[in-house]
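# Structural overview
One-letter residues, chain by chain:
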Amino acid sequence: MPTTATAASAFADVTTSNSALRRFLHGLPGVDAVGLEARAASLGTRSIKTTAKAYAIDLAISMIDLTTLEGADTPGKVRALAAKAVNPDPTDRTTPTTAAVCVYPDMVATAKAVLNGTDVKVASVATAFPAGRAALPVKLADTRDAVAAGADEIDMVIDRGAFLAGHYLEVFEQIAAVKAECGDKARLKVIFETGELSTYDNIRRASWLGMMAGADFIKTSTGKVAVNATPANTLLMLEAVRDFRAQTGVQIGVKPAGGIRNTKEAIKFLVLVNETVGADWLDNHWFRFGASSLLNDLLMQRQKLATGRYSGPDYVTVD
Amino acid sequence: MSDVTRLGVFKTYKLYVGGKFPRSESGRVYEVTDSKGKWLANAPLSSRKDARDAVVAARKAFGGWSGATAYNRGQILYRIAEMLEGRREQFVREVADAEGLSKSKAAAVVDAAIDRWVWYAGWTDKIGQVVGGANPVAGPFFNLSTPEPTGVVTVLAPQESSFLGLVSVIAPVIATGNTVVVIASEKSPLPALSLGEVLATSDLPGGVVNVLSGRTAEIAPSLAAHQDVNAIDLTGADEALAKELEIAAADNLKRVLRPQPGDFSEAPGTHRLTAFLETKTVWHPTGSLGASGSAY
Amino acid sequence: MTFEYAPAPESRSVVDIAPSYGLFIDGEFTEAADGKVFKTVSPSTEEVLAEVAQAGAEDVDRAVKAARRAFEKWSALPGSERAKYLFRIARIIQERSRELAVLETLDNGKPIKETRDADLPLVAAHFFYYAGWADKLDHAGYGADPRPLGVAGQVIPWNFPLLMLAWKIAPALATGNTVVLKPAETTPLSALFFADICRQAGLPKGVVNILPGYGETGAALVEHPDVNKVAFTGSTAVGKAIARQVAGTRKKVTLELGGKGANIVFDDAPIDQAVEGIVTGIFFNQGQVCCAGSRLLVQESIHDELLDSLKRRLSTLRLGDPLDKNTDIGAINSAEQLARITALTEQGEAEGAERWSPACELPTSGYWFAPTLFTNVTQAHTIARDEIFGPVLSVLTFRTPDEAVAKANNSQYGLSAGIWTEKGSRILAVANKLRAGVVWANTFNKFDPTSPFGGYKESGFGREGGRHGLEAYLDV
C-alpha cells in the first residue's frame, strides 16, 4: 500500500495556494442532504440478528476508543478506565479488549502505565481540544507532549473558524504540521467537529482536506457540541475514504465520536461501514467508535446473547 | 359610366397551413353555398396529404408556442380579437350567409366570437394557478404540479356554428400552448378560412392554427390515426364517425374529447381549456439548512 | 472476516391465509357462477397460497348490479358520513399493516422491507387523504356539488396490488361512486383481505365488490353497459384495447400505463445520491414499476466514473427471501413476467449491448432475475425503447442538456423522468422540457397521496392522487 507521502504528492498541485485548494474542494461532487439521510436511514433498517449480532457486538467492542475527557479526570479515573479497556467484562474473559483509551495529553503517561504490554492503544486529544483556539506553536507543543508521553494516536481538532472563513490552506498546513509532530510514532486522527461545519458539503470538503494533509483517520466530533456523530455524517465520511482510496490507493480510517450510546446504534454504524466501504474497514485499525457509555450496553447485549437472559447495569462494571 | 355597376372582386378561399395560404395539394375544390343554396365560393377540398402537412406545421410550431410566455400568448389572443373587430363587417356577412342568419343575429354571433377570444386571452396566464399548485407531500420535498399543453390537437369544428363554434373550440386549445389542426364546418367553411387571414395578421406564429376545409369524414380518419397527433376534439363528428375516430385515436392513446351537447352562446367555462392539458408534477428535496439540524 | 447478516425473516404467523377465497359481491363472499377457480402462488417459492374463485361474465353482471343498487344510497350519503367510512378503513389498514405487508410479500414476491415501509404506509395514507375530500368536494374546483359518475369498473395490476387498489377505491368512494374492482390474477389476496376490512368498517353492502380473475374478467367489466367509469392501470397494449372498447360510449376513462423513464445524470450531480437514485429508480420492486427509471442517460464525461460507482453499489444488493428483512431484491412476480424479462434481455445482448450483473446467487425455486445493467446502449436498441418491467437498466450517454432532453423525450411513453444536477436553473429548464407526468429532481420513485400521478402520450391519461385525482370520478 502506498504511503501517505505519495497521497500528499498526488495533490501537490492543488495545495500550492489557498485559491487552488478552494477550487479543488469546491469542485468535489455536491451532497444532497435528503438523499444522504435517506440512504443512512435505509441502512439503519437492516435487521442484525443472532450470529451476525454476536459478531457485530464483539467487533464494536474492539473498535471502541474508550474515552474520558472531563475536567475532573484524575489518575485514578484514568487507571480504572484503562483497566476496563483491557478487561471489559470480568465475568467473561473471551470479551475482546477495546481498541484504545482516549484521554487528555496530561493523562497519557498514566494510561500508558496500565496499558503497557497490552494491545490497547493510548489515544490523546491534542491541539487545544476541543475548541482548537490556540496558536500553532501551542498546538504543536500539545501534540509533542502527548507523543513524548507515549501516545500511540493523536486526535487533533481542526480550526473550524479558519475552515468556515475559507482559509483552507491554513487548515491544511496545520494538519500537516501536526502530522509531522506525530512522525512515525503516532497515528493522526483529524476531528472536524461536523456539528460546527454544519453542511454536508463542508463535511465532504473537510474530509478531503484532512486526508490530503496526512490524516490517518478522519473523525466526526469532539463529543462536546450539540450534534456529534450521526449515521449521515459518518456515511458521508465513509464515502470520502472510499473515494480517496480509489483515487490514491491510500486507506484512511473513520471514527464517529459522541452520541453513540447503545448496541443498536453501534450496529447501524457497522452496517454503514459494511455496505459502503466493506470488509477492508471492518477492523479496529480502520474504524473506531469514540464512546464511553456504549461499552456497557454492548457488554449487556453480549451477556444476553450468551445466556439468553436480559442483563442489567449491576452486571457490568461502573468505572 | 354611372349606369354600369362595378363588378365585385371575388376572393379565392384558401387553406391556412403553417402560416401560409396554400390551395389543396390535390387541386380539388368544392362548392360552398349559402343556406338557400346560392353559390358563395369554391373552397379547397383538402386531402389526407393536406392534413399530413398541417400536422407537420403544427408540430413544428408547438415548441415555440408552448414555450412562449403565457403573457405573450394572452397578448396574441387579444390581438386576434382586435383584428377581428376591425373586420367585423366581413365576418357578419360571411356568418349571415353561412348560417342563414339575419344581419343583426349574425352580428351578435360575431361579437360573441370576438368576446370569446378576449375571454381566453385572459385565461392564458391564470389557468396554471387555478389547476396547478403546490402539493403538501409528507416528506422533505418541494412538490409542484403545473398544467402543460398536450401537444398537437386535431379539432373537428362544429358543423352548425361555423364561426362562434369554431372560435369556441380552437381558442381554448391554443390558449394553453397547444397547436391545432382544425377541420372547418364542412357545409360552411368560409368564416373559418377567413379567420386564417385574421390569425396571419395577429402575431400568431405560423402553424399554431392550421385550417382545413373539405369533407370531415374524409380528412378526420387519417388525423385520428396520425401518430404525431396527441389529442382530438370530436365536436364536429356525428355519432358513427365519432366512434370510428375514437377507435382510431386509441392507437397512440390520443386524448379524446367526445361530442357534447351544448350551446356555444353560453358561458364557456374551463372544461375545454383543461381537456387538452397534461399535469406535470415535479419533486425536489428540500432538506435542512445544515447537517447538524440546528437552526440559527 | 466479513460481516454476514444472519437470516432475519419476518414471521408468517401474523397472516392467516385460508385455503380458498370467493368473489366478494354485495358484501358476501360467494363462489363463481360457473364454479371456476384458480390458484395463486408465492413467486419466491412457487408454493400455492390459496385457491381463488374466478369471476366470469355472469359474476361481473351480478357485481355491477350490486354496485348499482348500492350507488343510490351511497352517493346520497352526506360527504361527512362517507368520509368517516374511509377514515375507518384507513385506520383498520394501519392496525393490520404488518399482516397485510406479509401477505403482500407472500403473494407478490416483493421484499418485506418495501411492503412494510412503502406500500402499506402509502395505502393507509391514500385512504386517509381521500377520506378528507369526501365532504369538501364543493371546494375542489369542479363547481358546486359535483356529482359522482355511478359504478366504477376498476382493473389493477400485480406490481403494487394493495396500493393500486387504494389509488382506485379511495377517490371513487370519496366522490360517491361504488366500485367493482378486479385485482390481477397473480395477486388477488390483498384485495380479498381488503374486502374483509370493508366488512370490519361496516361499509354498506355492494359499495365495494372484488372480482378476482384474468383478462377476460377485466374485459367483461369494462364492457358492461351499466359501468359508468373505467379505471385501468396496466400495460399500454391493454390500455389501448380498453380505449377502443369504450369508444362511442359515455364511459369516462382513465388509464395509467407503461413507461420508459429517463433518469438523466449531469456531470455536476450529487454523485452518491444519484447512484442511490438510479438504484431506487430501477430496482425498487424488482423494476416492476411503470414509472421506473429504466433508461439511464448519463453525461458522457462522467460515464465511466458513474458506472464504476453503480456497479460497486449493485454488488451490495441483497437478493433472496422476500420475507427476510434485509432483502433488497425479491422475486419476479410470475413465470410469465420472468420469461418476458429474459427474452428482452437476450434481445439486448443479441443487438450488441453489453450486459453486466453483480455476482448473485439465485434461489433454485421461484422466479428470479439478477439486477442487470446494459451499457453501450443506443436509442435504436429494443431495450432502450420497450418497457422491460424488470430489474434491467439500459445505460445511454449524452453530451449536452439539449441532447439529454431530446433523448429523454424520444419515446412513445411519457410517465416519469429523473434529473440529477446541483444546478437549480438546469433542473427547472430540463423539467420544463421533459414530456413526462412526474419529474423527480435529485430524487426518484417518491409517491404521496397529495401528489398527482399519471402520464403523457402512450403512458395513459388522467391523474391519480391529489385534488386532480378527484376529476376521474366526478361528472365534470
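These numbers come from a predicted model, not from an experiment.

## What to know about the sheet that holds strand β15 (residues 392–398) of chain C
Read from one edge to the other, the open sheet built from 10 strands follows the order β3(B)-β4(B)-β10(B)-β17(C)-β16(C)-β11(C)-β12(C)-β15(C)-β14(C)-β13(C), with strand pairing classed as mixed. Single-partner strands in this sheet number two, and they are β3 (133–134) of chain B together with β13 (354–356) of chain C. In the packing of helix α11 (residues 335–350) of chain C onto the sheet, the strands contacted are β13, β14 (372–375) and β15 of chain C, and the crossing angle to β13 of chain C comes to about 130°.

## Quick look at the interface of chain A and chain C
Contact residues are listed per partner, giving 24 residues for chain A and 21 residues for chain C. Of all the elements in the fold, those that place two or more residues in the side of chain A that touches chain C are α3 (33–43), α4 (50–62) and α13 (263–276) of chain A. Considering each element in turn, the side of chain A that touches chain C owes the most residues, 5 residues, to α4 of chain A. The class makeup of the residues in the side of chain A that touches chain C is 11 nonpolar, 7 polar and 6 charged.

## Brief notes about the sheet that holds strand β7 (residues 253–255) of chain A
All names here are of chain A. Taken in spatial order, the 8 strands make up an open sheet running β7-β6-β5-β4-β3-β2-β1-β8, and their pairing is parallel. Every interior strand has two partners, whereas the edge strands, β7 and β8 (289–291), have only one. Neighbour-to-neighbour, the strand axes of this sheet turn through a mean angle of 25°, independent of strand direction. With 3 bridges connecting them, strand β1 (residues 64–67) and strand β2 (residues 100–103) associate as parallel partners. Opposite Thr67, over in β2, you have Cys102 as the bridge partner.

## Some words on unusual backbone geometry
Along the chain, Phe129 of chain A connects to Pro130 of chain A via a cis peptide bond; the corresponding omega equals -5°. Looking at the element boundaries, Pro130 of chain A is found in the loop between β3 (121–126) and α7 (136–148). With a phi angle near 55°, Gln286 of chain C is a residue other than glycine that sits in the positive phi range. Its location among the elements puts Gln286 of chain C in the loop between α9 (271–283) and β12 (295–299). Exposure remark for Gln286 of chain C: the 33 C-beta atoms within 10 Å place this residue in the buried category.

## Section: the environment of Val211 of chain B
Residue and element names in this part refer to chain B. Assignment of secondary structure puts Val211 in strand β7 (residues 209–212). Assessed through the 29 C-beta atoms surrounding it within 10 Å, Val211 is described here as buried. Separated by 83 residues in the primary sequence, Val211 and Gly128 have C-alpha atoms spaced 27 Å apart. With residues near it in sequence (within four places) discarded, Val211 still touches Leu15, Tyr16, Val182, Ala184, Ala192, Leu193, Leu195 and Gly196.

## Quick look at the interface of chain C and chain B
Counting from both sides, the interface comprises 32 residues of chain C and, opposite them, 26 residues of chain B. For the side of chain C that touches chain B, the secondary-structure elements that each account for two or more residues are α8 (236–245), α14 (424–433), β17 (438–441) and β18 (460–461) of chain C. Alignment of strand β10 (residues 277–285) of chain B against β17 of chain C, held across 3 bridges, turns out to be parallel. In the sheet register, Val282 of chain B faces β17 of chain C, and the bridge partner there is Val439 of chain C.

## Some thoughts on the packing of α4 of chain A against α13 of chain A
Residue and element names in this part refer to chain A. Close contact between α4 and α13 brings their axes to 10 Å; oriented N to C, the two are set at 90°. Between α4 and α13, the interaxial angle falls into the category roughly perpendicular. Contacts from Ala56, Ile57, Leu59 and Ala60 in α4 reach Thr263, Ala266, Ile267 and Leu270 in α13. Residues belonging to the contact of α4 with α13 are distributed by class as follows: 7 nonpolar, 1 polar and no charged.

## What about the packing of helix α11 (residues 200–212) of chain A against helix α12 (residues 231–248) of chain A?
All names here are of chain A. Between α11 and α12, whose axes approach to 10 Å, the crossing angle comes to 40°. Considered as vectors, α11 and α12 are oriented oblique to each other. You can see that α11 and α12 cross each other, and the crossing is right-handed. Facing Tyr200, Ile203, Arg204, Ser207, Trp208 and Met211 of α11, the residues of α12 in contact are Asn233, Leu236, Met237, Ala240 and Phe244. Taken together, the residues that form the contact of α11 with α12 break down as 8 nonpolar, 2 polar and 1 charged.

## Section: the environment of Ile175 of chain A
All names here are of chain A. Mapped onto the elements of the fold, Ile175 is located in helix α9 (residues 168–182). Of the residues examined, Ile175 has 23 C-beta atoms within 10 Å and is grouped as buried. For the pair Ile175 and Glu153, spaced 22 residues apart in sequence, the C-alpha separation works out to 14 Å. In this structure, Ile175 is in contact with Ile158, Val190, Gly210, Ala213, Gly214 and Ala215, ignoring residues within four places of it in sequence.

## Remarks on helix α8 (residues 216–225) of chain B
Among the residues of α8 of chain B, those classed as buried are Thr216, Ile219, Ala220, Leu223 and Ala224 of chain B. Looking straight down α8 of chain B, one finds that the buried residues subtend no more than 130° of arc, so they occupy a single side.

## Digging into the domain arrangement of chain C
Residues and elements named next belong to chain C. Segmentation of chain C into domains returns domain 1 (12–257 + 456–473) and domain 2 (262–441). Put simply, the middle of domain 1 and the middle of domain 2, counted by C-alpha atoms, are 30 Å apart. Contact with domain 1, which involves 22 residues of that partner, is made by 26 residues of domain 2. Those elements giving two or more residues to the side of domain 1 that touches domain 2 turn out to be α3 (97–108) and α4 (112–133). The leading source of residues in the side of domain 1 that touches domain 2 is α4, at 3 residues. Partitioned by chemical class, the residues of the side of domain 1 that touches domain 2 number 6 nonpolar, 8 polar and 8 charged.

## Digging into the UniProt feature "domain: Aldehyde dehydrogenase" (unreviewed entry) in chain C
The UniProt feature table records "domain: Aldehyde dehydrogenase" (unreviewed entry) at residues 30–475 of chain C. Taken end to end, residues 30–475 of chain C has its terminal C-alpha atoms 32 Å apart, with 40% of it in helix and 15% in strand.

## Observations concerning helix α9 (residues 239–249) of chain B
Residues and elements named next belong to chain B. Looking at α9, one finds that the buried residues are Ala242, Leu245, Glu246, Ala248 and Ala249. For α9, the arc enclosing every buried residue in end-on projection is 160°, short of the 170-degree limit, so these residues lie on one face. Within α9, the exposed residues directed more than 90 degrees away from the buried face are Glu239 and Ala240.

## Quick word on the pairing of strand β4 (residues 153–157) of chain A
All names here are of chain A. Burial runs high along β4: 5 of the 5 residues are buried. Side-chain alternation along β4 places Glu153, Asp155 and Val157 on one buried face and Ile154 and Met156 on a second face that is also buried. For the crossover from β3 across α7 to β4, the handedness is right-handed. By the bridge criterion, 5 bridges tie β4 to strand β5 (residues 187–191) in an arrangement that is parallel.

Quick notes on the rules
- Residues numbered from 1 in each chain as written.
- Chains lettered and ligands numbered in written order.
- Predicted model: local features only at pLDDT ≥ 70, side-chain atom pairs only at ≥ 80, totals over all residues.
- Pairing = 2+ DSSP bridges.
- Helix = DSSP H or I, 4+ residues; strand = E, 2+ residues; numbered from the N terminus.
- Contact = placed C-beta atoms within 7 Å.
- Axes fitted to C-alpha atoms, helices over the stretch in contact; angles between N-to-C directions.
- Nonpolar A, V, L, I, M, F, W, Y, C, P; charged D, E, K, R; others polar.
- Buried ≥ 20, exposed ≤ 12 C-beta atoms within 10 Å, placed from the backbone.
- Parallel < 35°, antiparallel > 145°, perpendicular 65-115°, else oblique.
- Left-handed = near helix turned anticlockwise from the far one by under 90°.
- Arc of directions from axis to C-beta.
- Domains from an automatic or database assignment.
- UniProt positions renumbered as here; feature names shortened; annotations may be inferred.
- Right-handed = clockwise from strand over helix to strand, strands pointing away.

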